[in-house]
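Results of the structural survey
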Amino acid sequence: MEVLSASRRALVVALALLLTACPKAPSRTDGRDTPDGEPSSRPRVEVKQDATANAALAQARAEAQAQPDKKKAAEAYLSVRKAYPATTAGQDALYNAGVLYFEAKDYANARKTFNELIFENPLYDQAEDAKHKLALSAMEVGAYRDAYQTLTSLAERAEGEKKEQLLREAARAAEGAGLYSQALTTAVKEAGDAQTQEDRAAAVAKVEKLVEGRADFIDIARTQEGLSPSNPAWPVLQFKLARIYYHLRDWTRLEETLQRFLRDAPDSSFAPQARDLLARATRRVEVRPRTVAVLLPMTGRYQPIGEAVLRGVKLALQGSDVELVVKDTQGDVNKTGQAMEQLAFDDGAIAALGPLLVDDTKRAALLAEELQVPLLTLSRQEGITDIGPYVFRNMLTNSAQARAIADYAMNVKGYKKFAVLYPNIPYGVELANEFWDEVVARGGAVRGAEAYSYDQTTFTSEAKRLVGRYYLEDRGDWAEAVRDVQGENITDAYRRRKAMEKARSGVEPIVDFEGLFIPDDWRRVSLVTPALAVEDIVTNACDPRDLERIRKTTGKKDLKTVTLFGTNQWSSPKGRSGLPELLERGGKFVTCSVYVDGFFVDSQRPATQKFVKSYREAYKEGGRDPGLLEAIGYDSARMVRQVLDKQRPNSRAAMREALAGLKDFDGATGRTSFNDKREADKQLFLLSVDNKGVNEINVDKEKAAVRGSGS
């Protein structure tokens, strides 16, 4: 297999890097520590027998045996070493001191002592034991890499039970050093060499521990390559490889790996899971052509919006033989992922609708692309279809709203200059930027932009800034008015203050924009608009009679009027008067405004009227009219139903192609086509506000009138 040859190449590179990272110490003659057990030069001194030294060693041994404190006993030996460094007694003393430190669990001093001994005399008769204790000491102080090098070197020369012990210790050191490839290799060999059932089980358990989250894919593949199925660790590695291929969606290698596993290890404890996984992988291409899934939060805090969409979906599928499988995401990313896998592997759904929430949609879209399941998302998340060709979207987005408002304001109303007043939250900032970009792209200009806090309730300062009345010191007409007041030489403080107030109110607003975009909720808009009127921003002059009335009231013949534009968050429920609450609260200050929405329950479009009538009949007990969520759910399900009924796709690939080719679908939310990015293109609802309520603008009719007038 290609991946195995790649693993061999990766192993060579890894070993080369390891050797580069751990070079041997340069030769030295200063007696300092070297890598454990590896002398870097010939011994510094040649030891010799010395009777006086031997007597001192015997005395030290007697003192050590009488001393219960092993560390103090070690010091007795070190005094001999210090007095007679170049003698056999001195080296024996050094070895005995190291042993005592080791037994006292003073591993730092044990390591230092044994290092010094082996550096001076690698041929010392107790060198093997000293190296072993040196390695164990290194492991205890966290020097796992040094311990691993020493233990593997010792194991190469050992035999029998001693060799097995050293290999087990080397595996522990490799694991501690993060050398999981070496640890895995050692553990697998240990499993193959085990003589008893108990040892075999312990070794296999160690292999399982390493392959679960420690050894990486290349390590596992390399270790498994060429390993005999008779090795007790073989099923562990083979099944782990299968699970890796499953998560990589490498279906061909997955099936090959599982088939070999079941052939060579049919009695393994993993065999039932392997059979289930193989069956699951096989089912990925088994599609039930009339089964559609929908992923929605049917429980939890987002349950109401899930239920709203589902009402629309069920209405769209009413009377058809399409089987609907509802998956409750609970607004949880992990549950969304599980639901996507279930609908693909277990339910055989040919396509899926949803989810709604941003994070859920990202997870679902990634899995839809991996599993190649057509997914028609209902999320506002920008750019979601960029994930891949199996991801579609049918939902009102911020960019679509900004585009629709800019198109209407500039191409129908003929406006060129705008201002933006927006809440300093992600929603407001994103829409302000989207609108700004659309205006500039069409050759217009944004003359001013002001932000406000999300919880703000007064907007005097922002309104003043928009019309140049906030920083009066920058205005020449204000400076002139101040000079006039000062020239009157008014001595009375009260009269002087009144004169300044009159001068301030006389400063004309600079209204150098024709449209003002406010991307905020209707509640906030009803608070913003009166503040605009205070600063003489005339927004309610769409009726010629109103305009004439304002001229007479203000005494200004040449009025500059401004049209307010908003988003679908301007849509409000009806209040006690039967009028929208936006109008009840905002009054005359919100009349003549225009906002955009993805659905309008009172629309005169035939497809919308048909949906509203059907919905009211189906859910008359609820007593509520449908909104955007119900309409989007309805249209999305009808699109899928239309494709299934007319084109009869029998595979997910065919379903994807058919959905991508959908054009001019006449739905409750508008006539819809999918563009080359699989985004739903449709004419949104432009809505105007007057003193009688909200009305749909016939954009096509207005455009025709503009063309007819030649403007």
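To be clear, the structure that these remarks concern was listed above.
The sections below set out a description of the structure shown in this document.

**Digging into the overall build of the protein chain**
When you go through the protein chain residue by residue, the secondary structure sums to 29 helices and 15 strands. The globule rule puts the C-alpha radius of gyration for 711 residues at 27 Å, and the 41 Å found for the protein chain is more than 25% above it. Its C-alpha atoms give the protein chain principal-axis dimensions of about 130 × 85 × 45 Å. Split into buried and exposed, the 711 residues of the protein chain put 48% on the buried side. Contacts in the protein chain between residues far apart in sequence, at least 24 positions, make up 66% of those at least 6 positions apart. For the protein chain, the exposed area adds up to about 34900 Å²; of that, 48% sits on carbon and sulfur atoms. With 103 positive and 103 negative side-chain charges, the protein chain shows a spacing of 4 Å between the two charge centroids.

**Topic: the sheet that holds strand E3 (residues 349-353)**
Strand order in the open sheet made by the 5 strands is E2-E1-E3-E4-E5, with parallel pairing throughout. Two strands in the sheet have a free side with no partner beyond their single neighbour: strand E2 (323-328) and strand E5 (391-393). Adjacent strand axes in the sheet meet at a mean angle of 25 degrees, parallel and antiparallel pairs treated alike. One ladder, built from 2 bridges, connects E3 with strand E4 (residues 375-377); its direction is parallel. Residue pairing across strands places Leu353 opposite Leu376, the latter belonging to E4. The sheet contacts of helix H16 (residues 333-345) involve strand E1 (288-296), E2, E3 and E4, and relative to E1 the element is tilted by about 175 degrees. Packed on one face of the sheet, helix H27 (residues 628-647) meets E1, E3 and E4 and runs near 170 degrees to E1.

**So, the pairing of strand E14 (residues 685-690)**
Here strand E10 (residues 594-597) runs beside E14; their pairing, made up of 4 bridges, is antiparallel. Among the inter-strand pairings, Val596 is bridged to a residue of E14, identified as Leu686. Of the pairings in the sheet, the one linking E14 to strand E15 (residues 693-696) comprises 4 bridges and is antiparallel in character. Bridge pairing in E15 links Asp690 to Gly693. Where E14 hands over to E15, the hairpin turn is made up of 2 residues, counted between the paired strands.

**A look at the sheet that holds strand E11 (residues 665-667)**
Strand order in the open sheet formed by 3 strands is E11-E12-E13, with antiparallel pairing between adjacent strands. The outermost strands of the open sheet, each flanked by one partner alone, are E11 and strand E13 (680-681). Packing of H27 onto the sheet brings it into contact with E11 and strand E12 (670-674), and relative to E11 it is tilted by some 145 degrees.

**Some remarks on helix H14 (residues 271-283)**
Here H14 is 13 residues long and its end C-alpha atoms lie 18 Å apart, about the 18 Å a rise of 1.5 Å per residue gives. Residues of H14 that are buried sit in contact with helix H12 (234-248), helix H13 (251-264) and H16.

**Considering the environment of Gly383**
Tracing the sequence through the fold places Gly383 in the loop between E4 and E5. Taking C-alpha positions, Gly383 is 9.3 Å from Glu679, a pair spaced 296 residues apart along the chain.

**Digging into the nonpolar core**
The nonpolar side chains of a soluble globular protein tend to be buried with one another. Ranked by internal contacts, the top residues of the largest apolar core, which has 98 residues, are Leu184, Val207, Leu254 and Phe261. If we ignore the near neighbours within four places in the chain, the residues touching Leu254 are Ala242, Tyr245, Tyr246, Leu277 and Ala281. Formed by 70 residues, the second largest nonpolar core is a distinct cluster that contains Leu431, Phe517, Leu662 and Phe674.

**A few points about the packing of helix H7 (residues 144-157) against helix H8 (residues 160-176)**
Closest axis-to-axis distance for the H7/H8 pair is 8 Å, and the angle between their directions is 160 degrees. In terms of axis orientation, H7 runs roughly antiparallel to H8. Crossing of H7 against H8: the hand is left-handed. Between H7 and H8, the contacting residues are Tyr144, Ala147, Tyr148, Leu151, Thr152, Leu154, Ala155 and Glu156 on the first element and Lys163, Leu166, Leu167, Glu169, Ala170, Ala173, Ala174 and Gly176 on the second. For the contact of H7 with H8, the per-class residue count stands at 11 nonpolar, 2 polar and 3 charged.

**Considerations on the side chain of Arg311**
Along the chain, Arg311 falls in helix H15 (residues 303-317). Relative accessible area serves as the criterion here: at 18%, Arg311 is assigned to the buried category. With residues near it in sequence (within four places) discarded, Arg311 still touches Tyr615, Tyr619, Arg624 and Glu630.

**Quick word on unusual backbone geometry**
Note the cis peptide between Gly354 and Pro355, where omega equals -5 degrees. Positive phi outside glycine occurs at Lys105, with the angle close to 65 degrees. Judged by relative accessible area, Lys105 falls into the exposed class, the value being 62%. Here the phi dihedral of Cys592 falls at roughly 75 degrees; this positive angle occurs in a residue that is not glycine. By the secondary structure assignment, Cys592 is in the loop between helix H25 (581-586) and E10.

**A look at the pattern of salt bridges**
As enumerated under the stated definition, the model contains 38 salt bridges in all. For Arg111, the salt bridge is made with Asp146, and the minimal N-O distance between the two is 2.9 Å. Taken as a pair, Arg111 in helix H5 (residues 107-120) and Asp146 in helix H7 lie far apart in primary sequence, 35 residues in all. The exposure class of Arg111 is partly exposed, given its relative accessible area of 21%. As a salt-bridge pair, Glu128 and Arg157 come within 3.4 Å of each other at their nearest N and O atoms. Pair noted here: Glu128 is in helix H6 (residues 127-140) and Arg157 is in helix H7, with a separation of 29 residues, a long-range link. Relative accessible area serves as the criterion here: at 40%, Glu128 is assigned to the partly exposed category.

The rules behind these values
Residues numbered from 1 in each chain as written. Predicted model: local features only at pLDDT ≥ 70, side-chain atom pairs only at ≥ 80, totals over all residues. Heavy atoms only, no water. Helix = DSSP H or I, 4+ residues; strand = E, 2+ residues; numbered from the N terminus. Rg over C-alpha atoms; globule rule 2.2 N^0.38 Å. Buried < 20%, exposed > 50% of the residue type's maximum accessible area, 1.4 Å probe, protein only. Contact = heavy atoms within 4.5 Å. Areas by Shrake-Rupley, 256 points an atom, 1.4 Å probe, with all protein chains shown as cover. Lys, Arg positive; Asp, Glu negative; His and termini not counted. Charge placed at Lys NZ, Arg CZ, Asp CG, Glu CD. Pairing = 2+ DSSP bridges. Axes fitted to C-alpha atoms, helices over the stretch in contact; angles between N-to-C directions. Expected span 1.5 Å × (residues − 1). Core = buried A, V, L, I, M, F, W, Y, C linked by side-chain atoms within 4.5 Å. Parallel < 35°, antiparallel > 145°, perpendicular 65-115°, else oblique. Left-handed = near helix turned anticlockwise from the far one by under 90°. Nonpolar A, V, L, I, M, F, W, Y, C, P; charged D, E, K, R; others polar. Salt bridge = Lys/Arg side-chain N within 4 Å of Asp/Glu carboxyl O.

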